[in-house]
Amino acid sequence: MTGPVSRRTLLRTGTLVLLLGVQHIARGASVLAVRIWPAEDYTRVTIESDGELKAQRFFVTEPPRMVVDIEGIDLLPGLRELVGKLKSDDPNIGSIRVAQSAPSVVRLVIDLKQAIKPQVFNLEPVAAYQHRLVLDLYPVNAPDPLEQLIAQRMKDLDAASERAARLLGLEMGQVAGGPNPNDRVTAANPVDDPLGALIAKRAQPGTANSPAPAGNTGTAVAAGSASGSPAKQAPAKPGKTERLIVVALDPGHGGEDPGAIGPGGTHEKKVVLQIAQKLRDRINDTRVNGNPMRAYMTRDKDFFVPLQVRVQKAQRVQADLFISLHADAFFTPRPQGASVYALSTKGASSAAARWMANKENAADQVGGLNVKAKDAIVQRALLDMSTTAQINDSLKLGSAMLGHVKQVGKLHKPRVEQANFAVLRAPDIPSVLVETAFISNPDEEARLNDPKYQDDLADALLRGIVAYFSKNPPLARNRQI
């Protein structure tokens with residue numbers, strides 16, 4: 001006999017259907033993409049899926065490896081692709097193995113090349129991404145930006161000495177009466193330039209990391225002309241006190257964050273890195289008022305760097321300038337031209353500047369910042385203490401750069417714009433953000449991919465930097481190394 005179905009029976013049935021539905025969703029999660037971003041700073045492994053994945057990790061010491069159990073998923077072809085995406089030169093991961101360890105549980109075994117401090121976290125859907133499970137593998141002995149800068153500078157000095165020795169017909173210190181090996185690096189005043197003094201000290205024969213003795217520093221270069229390549233100058237005289245000028249170059253976006261994407265598929269993160277590398281090489285071959293310059297890159301490969309970490313890196317190497325490189329995008333393909341922005345703590349100079357700052361400040365969300373990490377906002381107070389003097393110097397730098405950029409292409413705005421860009425909040429470093437062109441404009445996208453335009457733009461930016469320093473000599477460094 002059939003009769004009316006009780007309310008309790010309906011509720012029970014509904015609950016059972018709901019539980020089965022949840023189980024089906026959990027077991028049926030699909031892997032949309034897997035990505036690996038290797039770098040000396042850290043290696044990131046990303047698993048993107050159409051549902052949130054839970055993971056548990058533990059370590060095995062011999063041999064060193066990390067095991068990650070991912071719940072709510074089966075061993076699908078997408079996960080197997082992780083093995084093929086690993087590169088042999090990854091500084092942190094030796095190999096990856098994937099297996100189904102239990103029903104609806106996939107186990108990743110990551111063989112490590114060094115001691116690792118991992119961060120494993122989930123990211124909610126944002127921009128073009130759905131759910132992401134992120135494994136960030138940070139070396140226990142993380143690379144020090146200052147040590148990296150010193151090592152790069154030492155390598156340059158060694159190469160310059162070899163060039164000078166060849167030009168002089170010397171046999172690397174074996175010719176009697178040749179230049180004094182100690183003249184190859186001029187000791188800076190340790191009070192005015194502790195960083196330069198440290199590099200000079202390490203360059204002396206017999207000290208750690210010192211290169212082989214040779215002639216002096218070779219041919220120096222300056223950028224004084226209004227157009228064309230920088231002009232050559234004579235080598236610095238032995239014994240002259242030098243002040244090493246450090247310029248931090250910050251190629252925007254990277255890794256999980258592609259930045260803007262042009263109509264032809266060009267990624268902003270790629271072209272700005274190419275331009276930054278060209279500018280880096282020019283800076284490293286340039287002297288200003290007799291002082292050598294050295295570029296430091298916040299990223300030199302394709303990986304994600306949080307906004308505040310970019311600033312911290314520049315501060316760690318005691319940068320004299322901070323230049324962040326980007327490529328504009330807008331809703332329509334019509335806007336064109338380069339722009340330069342400085343920080344404003346009192347509102348944006350235009351609605352467009354405010355919109356641009358909001359877009360760039362969202363990079364951490366797209367790139368995937370672990371907001372639960374204890375050091376995620378480690379210097380937030382410091383970054384909010386930008387001074388009027390820093391902003392005024394940033395405006396001077398931006399004006400100098402605009403004056404030369406307009407000679408190689410159109411300007412979107414004839415003056416330096418201002419807005420509250422998070423990446424410009426370094427209280428002691430003049431900082432600007434350069435939008436090199438509108439990548440959303442098909443013509444400008446083509447120019448951004450043109451090596452000649454990249455060269456011309458790098459030359460223009462260098463001339464702007466030199467013009468700024470010619471009128472605003474860098475201040476003495478009094479920060480601790």
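See above for the structure.
Residues numbered from 1 in each chain as written. Predicted model: local features only at pLDDT ≥ 70, side-chain atom pairs only at ≥ 80, totals over all residues. Heavy atoms only, no water.

Asks: With reference to specific residues and values, describe the overall build of the protein.
Replies: Scanning the protein from terminus to terminus reveals 12 helices and 17 strands. In the protein, which comprises 481 residues, the share counted as buried stands at 49%. For the protein, restricting intrachain contacts to residue pairs at least 6 apart in sequence, the fraction spanning at least 24 positions comes to 75%. Total accessible area on the protein is roughly 22,600 Å²; 55% of this is exposed by carbon and sulfur atoms. (Helix = DSSP H or I, 4+ residues; strand = E, 2+ residues; numbered from the N terminus. Buried < 20%, exposed > 50% of the residue type's maximum accessible area, 1.4 Å probe, protein only. Contact = heavy atoms within 4.5 Å. Areas by Shrake-Rupley, 256 points an atom, 1.4 Å probe, with all protein chains shown as cover.)

Asks: I'd like a rundown of the sheet that holds strand E13 (residues 291–297), residues and numbers included.
Replies: Sheet architecture is open: seven strands sit in the order E12-E13-E11-E14-E17-E15-E16, paired in mixed fashion. One side of each edge strand has no neighbouring strand; the edge strands of this open sheet are strand E12 (287–288) and strand E16 (417–419). Strand direction decides the pairing type here: strand E11 (residues 245–251) and E13, joined by five bridges, are parallel. Paired with Val246 across the strands is Arg294, a residue of E13. Packing of helix H5 (residues 268–284) onto the sheet brings it into contact with E11, E13, strand E14 (321–328) and strand E17 (431–438), and relative to E13 it is tilted by some 160°. (Pairing = 2+ DSSP bridges. Axes fitted to C-alpha atoms, helices over the stretch in contact; angles between N-to-C directions.)

Asks: Tell me about the side chain of Thr46, and name the residues and values.
Replies: Within the fold, Thr46 resides in strand E2 (residues 43–49). Only 3.5 Å separates the side chain of Thr46 from the side chain of Glu256, close enough to count as a polar contact. In contact with Thr46, not counting residues within four places along its chain, are Ala33, Val34, Arg35, Trp37, Arg132, Leu133, Val134 and Glu256. (Polar contact = N/O pair within 3.5 Å; in protein donor to acceptor, adjacent residues only side chain to side chain.)

Asks: Can you tell me about unusual backbone geometry, naming the residues and giving the values?
Replies: Note the cis peptide between Glu62 and Pro63, where omega equals -15°. Mapped onto the fold, Pro63 is located in the loop between strand E3 (54–60) and strand E4 (65–71).

Asks: Which residues make up the sheet that holds strand E7 (residues 116–123), and what values go with them?
Replies: Taking strand neighbours across the sheet as the criterion, the four strands line up as E1-E2-E8-E7 in an open arrangement whose pairing is antiparallel. Taken across any chain shown, the strands that pair with only one partner, and hence form the sheet edges, are strand E1 (31–37) and E7. Neighbour-to-neighbour, the strand axes of this sheet turn through a mean angle of 10°, independent of strand direction. Two strands pair when backbone bridges link them, and E2 and strand E8 (residues 131–139) are joined in this way by seven bridges, in the antiparallel orientation. Following the sheet pairing, Val45 is matched in E8 by Leu135.

Asks: Would you mind going over helix H4 (residues 194–203) in detail, with residue names and values included?
Replies: Along an α-helix, residues three or four apart share an orientation, since each turn contains 3.6 residues. Buried residues dominate H4, accounting for eight of its 10 residues. Among the residues of H4, those classed as buried are Pro194, Leu195, Gly196, Ala197, Ile199, Ala200, Arg202 and Ala203.

Asks: Outline the side chain of His326, supporting the account with residue identities and numerical values.
Replies: As for its placement among the helices and strands, His326 is situated in strand E14. Here His326 falls in the buried class, since its relative accessible area comes to 6%. A polar atom in the side chain of His326 sits 3.4 Å from the side chain of His253. When near neighbours in sequence (up to four residues on either side) are disregarded, His326 contacts Gly252, His253, Glu268, Val272, Glu360, Leu433, Val434, Glu435 and Thr436.

Asks: Describe the packing of H5 against helix H12 (residues 451–471), naming the residues involved and giving the relevant values.
Replies: A pair of packed helices can be characterised by two numbers: the angle between their axes and the separation between those axes. With their axes 9 Å apart at the nearest point, H5 and H12 run at an angle of 50° to one another. For the element pair H5 / H12, the angle class is oblique. The way H5 lies across H12 gives a crossing that is right-handed. Of the residues in H12, those touching H5 at Val271, Gln274, Ile275, Lys278, Leu279, Arg282 and Ile283 are Pro451, Gln454, Asp455, Leu457, Ala458, Asp459, Leu461, Leu462 and Ile465. (Parallel < 35°, antiparallel > 145°, perpendicular 65-115°, else oblique. Left-handed = near helix turned anticlockwise from the far one by under 90°.)

Asks: Explain the pattern of salt bridges residue by residue, including any values.
Replies: Inspection of every chain in the model, using the stated rule, returns 19 salt bridges. Arg97 serves as the salt-bridge partner of Asp111, at 2.9 Å between the closest nitrogen and oxygen. Of the two residues, Asp111 sits in strand E6 (residues 105–112) while Arg97 sits in strand E5 (residues 93–102), which places them 14 residues apart along the sequence. Judged by relative accessible area, Asp111 falls into the buried class, the value being 15%. The class of Arg97 is partly exposed, set by a relative accessible area of 44%. Between Lys278 and Asp455 there is a salt bridge, and its shortest N-O distance comes to 3.0 Å. In this pair, Lys278 sits in helix H5 while Asp455 sits in helix H12, placing the two residues 177 residues apart along the sequence. (Salt bridge = Lys/Arg side-chain N within 4 Å of Asp/Glu carboxyl O.)

Asks: Give me the lowdown on the nonpolar core, citing residues and values where you can.
Replies: With 44 residues, the main nonpolar core has Val247, Ile283, Met293, Ile323, Ile465 and Phe469 as its most contacted residues. Of all the secondary structure elements, the ones that give two or more residues to this core are E11, H5, E13, E14, strand E15 (339–343), helix H10 (388–405), E17 and H12. For this core, the element with the highest residue contribution is H12, accounting for 10 residues. The residues touching Val247, leaving out its near neighbours within four places in the chain, are Ile283, Met293, Arg294, Ala295, Tyr296, Leu321, Ile323, Ile465 and Phe469. Of all hydrophobic cores here, the second largest spans 33 residues; its members include Leu146, Leu149, Ile150 and Met154. (Core = buried A, V, L, I, M, F, W, Y, C linked by side-chain atoms within 4.5 Å.)

Structural measurements only, silent on function.
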